[in-house]
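If you want the building blocks of each chain, they are given just below.
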Amino acid sequence: MSERIFLSSPHMSDEGFEMEYVKEAFNTNWIAPLGENVNEFEKELAAKVGSKAAAALSSGTGALHLALRAAGVDEGDVVFCPTLTFSATANPIIYQNANPVFIDSDYETWNMCPKALEEAFKKYPDVKAVIVVHLYGLSADMDKIMDICKKHNVTVIEDAAESLGAYYKGQHTGSFGDYGIFSFNGNKIITTSGGGMLVSNNEERVAKARFWATQSRDSARHYQHSELGFNYRMSNVVAGIGRGQLKVLEQRVEKKKFIFEFYKKELGGLEGVEFMPVNDWDEPNYWLSSMTLNSFVKPIDIFETLEKENIESRPVWKPMHMQPYFEEYDFVGTDVSEKLFENGVCLPSDTKMTDEDLERVVEIIKGLWR
């Protein structure tokens, strides 16, 4: 069997930048949980995305959890959340004993629909926070969403876990709201194998998040804790990997874009195929190349045919309001997210893919139309 082609998988940069920083972390006889790499990674990531402050954490999920705490979300509060996303966007709402209300997508962005968001505010005027996701590295329509949220004076948290390196009208995703979060999980465009970052222009709240993330240890000679704490801080070694990976972010985005444009050129002319929308104001990072089918060929046909050739592909995220765990919570919208799930295909998008790999994938898919 030929070598497996993955949807997206981690790899070190060819230049070996990561090892330079990791070796520095090993220069002493013991591995410090915090250190220069953590501090510098926070500064470098904040500068990259245009935020004043950042906190390096153990996961994007942890970052989102602390963003909700920083926003004052508490038991019984309502938080608006896109339904078309990974469960890690919604789970931290439950951690805070708050209530998610899921918002539908639109076809123009595949992200939160501004019209559905307005409808949700009519139904829930006292909402505490709005989480906006930039799905698959595509930016949500932030002008419309931010205008609506400012009108209602509500905290905005951007889940930019999938969109590091993506821009909306020249501004980096994750820097529009009160808080932004990024993920460095193993499948992301750059990876530390696991890890995340919370960013904000509110330096005081970021400092508070760092405090919570280190078990809320008070400034005292003895171990003293006056607040609930969490073990959410990123380690110095992991941060070293992140600093090295950050140096190749633009190269990864360039390769992801090449992959998307190759697929679109080769497959876009097939009956019923439409690719994820790229708008004039959107500079995606093309994390995953995704398309929808309105054809005699169904997504399951592609999944099963590629799998037989040891090639990974997947459906678009199953909407949260369709998930067994979240089915009791309210949903505002129509059927856009459901249709994207039913008809969507995420194609192999690994930056290690060669031209031969890409040609192999498209030829296998084209065969289904012959």
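Here, every reference points to the structure presented above.
Now for the overall build of the protein. In terms of regular secondary structure, the protein is built from 12 helices and 14 strands. Computed over the C-alpha atoms, the radius of gyration of the protein is 21 Å, within 12% of the 21 Å expected from 2.2 N^0.38 for a compact globule of 370 residues. On the principal axes, the C-alpha backbone points of the protein span a range of 75 × 55 × 35 Å. Sequence separation of 24 or more characterises 71% of the internal contacts of the protein that already satisfy a separation of 6 or more. For the protein, the accessible area works out to roughly 16100 Å², and carbon and sulfur atoms hold 47% of it.

This paragraph deals with the layout of surface pockets. Roughly 460 Å³ of internal volume is contained in the largest pocket. Every residue lining the largest pocket is counted, 29 residues in all, and those nearest its centre are Phe86, Glu162, Asn187, Lys188 and Trp317. Where the lining of the largest pocket is concerned, the elements lending two or more residues are helix 3 (60-70), helix 4 (87-95) and strand 8 (179-183). For the lining of the largest pocket, a count of residues per class yields 12 nonpolar, 12 polar and 5 charged.

This next bit is on the pattern of salt bridges. Side-chain pairs of opposite charge can arise whenever the charged atoms involved come near each other. With the rule as written, the count across this model stands at 19 salt bridges. For Lys43, the salt bridge identified is with Glu40, shortest N-O distance 3.5 Å. Residue Lys43 and its partner Glu40 are located together in helix 2 (residues 36-49), separated by 3 residues, close to a single helical turn. For Lys43, a relative accessible area of 54% puts it in the exposed group. According to the relative accessible area criterion, Glu40 is partly exposed, its value standing at 22%. In this structure, the salt-bridge partner of Asp350 is Lys352, at a minimum N-O distance of 3.1 Å. Judged by its relative accessible area of 4%, Asp350 is buried. Taking the relative accessible area as the measure of exposure, Lys352 reaches 41% and is therefore partly exposed. Among the charged side chains, a salt-bridge network with shared partners connects Glu266, Glu363, Lys366 and Arg370.

In this section: the state of the cysteines. Per the counting criterion, the structure on display carries 0 disulfides. The thiol sulfur of Cys149 is not disulfide-bonded, and the nearest other cysteine sulfur, from Cys81, lies at 13 Å. Relative accessible area serves as the criterion here: at 1%, Cys149 is assigned to the buried category.

Moving on to the sheet that holds strand 1 (residues 53-57). Across the sheet, 8 strands lie side by side as 1-9-8-5-4-2-3-13; this open sheet has mixed pairing. Of all the strands in the sheet, just strand 1 and strand 13 (331-332) have a single pairing partner and so form its edges. Where strand 3 (residues 99-103) and strand 13 come together, 2 bridges link them in parallel fashion. Considered in strand 13, the bridge of Ile103 is made with Val332. Of the strands in this sheet, strand 1, strand 2 (78-82), strand 4 (129-133), strand 5 (155-159), strand 8 and strand 9 (196-200) are in contact with helix 3, which crosses strand 8 at around 170°.

Cut-off values and rules
Residues numbered from 1 in each chain as written. Predicted model: local features only at pLDDT ≥ 70, side-chain atom pairs only at ≥ 80, totals over all residues. Heavy atoms only, no water. Helix = DSSP H or I, 4+ residues; strand = E, 2+ residues; numbered from the N terminus. Rg over C-alpha atoms; globule rule 2.2 N^0.38 Å. Contact = heavy atoms within 4.5 Å. Areas by Shrake-Rupley, 256 points an atom, 1.4 Å probe, with all protein chains shown as cover. 1 Å grid on protein atoms, 1.4 Å probe; cavity = no way out; pocket = protein on both sides within 12 Å on 5 of 7 lines; lining within 4 Å. Points joined across faces, edges and corners; volume = space filled by probe spheres on them. Nonpolar A, V, L, I, M, F, W, Y, C, P; charged D, E, K, R; others polar. Salt bridge = Lys/Arg side-chain N within 4 Å of Asp/Glu carboxyl O. Buried < 20%, exposed > 50% of the residue type's maximum accessible area, 1.4 Å probe, protein only. Disulfide = S-S within 2.5 Å. Pairing = 2+ DSSP bridges. Axes fitted to C-alpha atoms, helices over the stretch in contact; angles between N-to-C directions.

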